[in-house]
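Listed below, chain by chain, are the residues.
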Amino acid sequence: NSLDVRAMTGNARTHALYLSYMSSTGGHVVCMDLLNDAVLWHRDIAPGVDRGDVVPDGTKLYLPTNENNSSDYDLVLDPANGDEIGRVTVTPKTHDTDVGLSGKYAYLETKSSNSLAVVDTRTDEIIHEIGPFTGILGPHAVNGSDSLVVANAFGFFGFEVGEVSTGEVVALAKVTSIPDPGGSGLRQHGVAWKPDETEVWVAGGPYMHVFD
């Protein structure tokens, strides 16, 4: 039975690691204690799983239901046991979800929209959207102050920058160190801030590109 690992996310406060993966029977999440490698729980998740994230205080785990499913919601799980405690309705094919360091907001991306949903983690309600970006979104990452989001987008060779407060896309950063391969697909797949936020690193093509 082949397995498709979708994501890992961890929590320093609870020292728990959450691994989500797909198999022929659907989605699964396993939770491990990083202090002793013990499996704390292992749950089957229907209809699927994808790249989720846990809030810093360890009280909620946001879990997309997979880019290849038509389901239109992120699950909200209890990180202590994997029980469903809520849902956030968005557009179909839920994929990458990122929670800011403040824990106030979750940022939800789907494979059917070129906008990024901003969710209040207290209420699990969408408060507004960032976008539209130039194409369907891929991986994204918010900075430490919940002010800027960097994101990969289909058809754009580099990354784009969205402003959280206004919802506007404020900058496009192209990769210029290598030729643009062209096409409408996701040519960059992975973007992150350096911890001091002096650089943005972008994966793809087959290099790691570093931006000021």
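This text follows the structure it describes.
Predicted, not measured: the structure shown is a model, and the values here were computed from it. Each chain carries its own residue numbering, running from 1 in the written order of its sequence. It should be noted that, the model being predicted, local features are given only for residues of pLDDT at least 70 and side-chain atom pairs only at 80 or more, the latter also being counted only at that level, while totals for whole chains, interfaces and linings use all residues. In computing side-chain values, all of the structure's heavy atoms are included and hydrogens and water are not.

Which residues make up the sheet that holds strand β15 (residues 158-163), and what values do they have?
When DSSP finds two or more bridges between two strands, those strands count as paired. For the purposes of this entry, the term helix denotes a DSSP run of H or I that reaches at least four residues, the term strand denotes a run of E that reaches at least two, and both are numbered from the N terminus. Pairing is antiparallel in the open sheet, where four strands are placed in the order β13-β14-β15-β16. One side of each edge strand has no neighbouring strand; the edge strands of this open sheet are β13 (137-142) and β16 (169-174). Each adjacent strand pair in this sheet contributes to an overall mean axis angle of 25 degrees, direction not counted. As defined by bridge partners, β13 adjoins strand β14 (residues 148-153) across four bridges and the pair is classed as antiparallel. The axes are straight lines fitted to the C-alpha atoms, using for helices just the contacting stretch, and the angles between their N-to-C directions are given from 0 to 180°.

Got a sec to walk through the pattern of salt bridges? Specific residues and values, please.
By convention in these notes, a salt bridge is any Lys or Arg side-chain nitrogen within 4 Å of a carboxyl oxygen on Asp or Glu. Applying the stated criterion across every chain, the model contains eleven salt bridges. Here Arg 122 ties to Asp 120 by a salt bridge, and the two come within 2.8 Å at their closest N and O atoms. In this scheme, a residue with accessible area under 20% of its type's maximum is buried, one over 50% is exposed, and one in between is partly exposed, where area comes from a 1.4 Å probe on protein chains only. Under the relative-accessibility criterion, Asp 120 is labelled buried at 8%. The partner of Asp 180 in a salt bridge is Arg 187, with the nearest N and O atoms 3.0 Å apart. Assessed through its relative accessible area of 14%, Arg 187 is described here as buried.

Could you give an account of empty space enclosed by the protein, naming the residues involved and the relevant values?
Cavities and pockets are defined on a 1 Å grid built over the protein atoms alone: a cavity is a set of grid points where a 1.4 Å probe fits but cannot escape, while a pocket is an open set with protein on both sides within 12 Å along at least five of seven lines, and lining residues are those with an atom within 4 Å of any such point. Grid points are joined across faces, edges and corners, and a volume is the space filled by probe spheres set on the points. Tallied over the entire structure, the rule returns one cavity of 30 Å³ or more. Put simply, the parts of the chain that give the lining of the largest cavity at least two residues each are β1 (4-11), β2 (16-23) and β6 (61-64). With three residues, β1 is the single largest residue contributor to the lining of the largest cavity. Asp, Glu, Lys and Arg are counted as charged, while Ala, Val, Leu, Ile, Met, Phe, Trp, Tyr, Cys and Pro are counted as nonpolar; the rest, among them Gly, fall into the polar class. Along the lines of polarity and charge, the residues of the lining of the largest cavity split into six nonpolar, three polar and one charged.

Account for the sheet that holds strand β12 (residues 125-130), naming residues and giving values.
Spatially, the four strands line up as an open sheet ordered β9-β10-β11-β12, and their pairing is antiparallel. This sheet does not close on itself; its edge strands, each paired only once, are β9 (94-99) and β12. Here the strands of the sheet are splayed against their neighbours by 30 degrees on average, with no regard to which way each runs. Bridge analysis of strand β10 (residues 105-110) against strand β11 (residues 116-120) gives four bridges, and the strand direction is antiparallel. From the neighbouring strand, Ala 106 faces β11, where its bridge partner is Val 119.

Go over the layout of surface pockets with me, naming the residues and quoting the values.
Considered as a void within the structure, the largest pocket measures approximately 380 Å³ in volume. As for the largest pocket, its lining consists of 21 residues, and the residues nearest its centre are Asp 98, Val 99, Gly 100, Leu 101 and Val 142. For the lining of the largest pocket, the secondary-structure elements that each account for two or more residues are β1, β5 (53-54), β9, β13 and β17 (191-193). By residue class, the composition of the lining of the largest pocket is twelve nonpolar, five polar and four charged. Its boundaries defined by the atoms lining it, the second largest pocket holds a volume of some 210 Å³. Lining of the second largest pocket is provided by 14 residues; of these, Arg 51, Gly 52, Asp 96, Thr 97 and His 140 occupy positions nearest its centre. Taken together, the elements giving at least two residues each to the lining of the second largest pocket come down to β1, β9 and β13.

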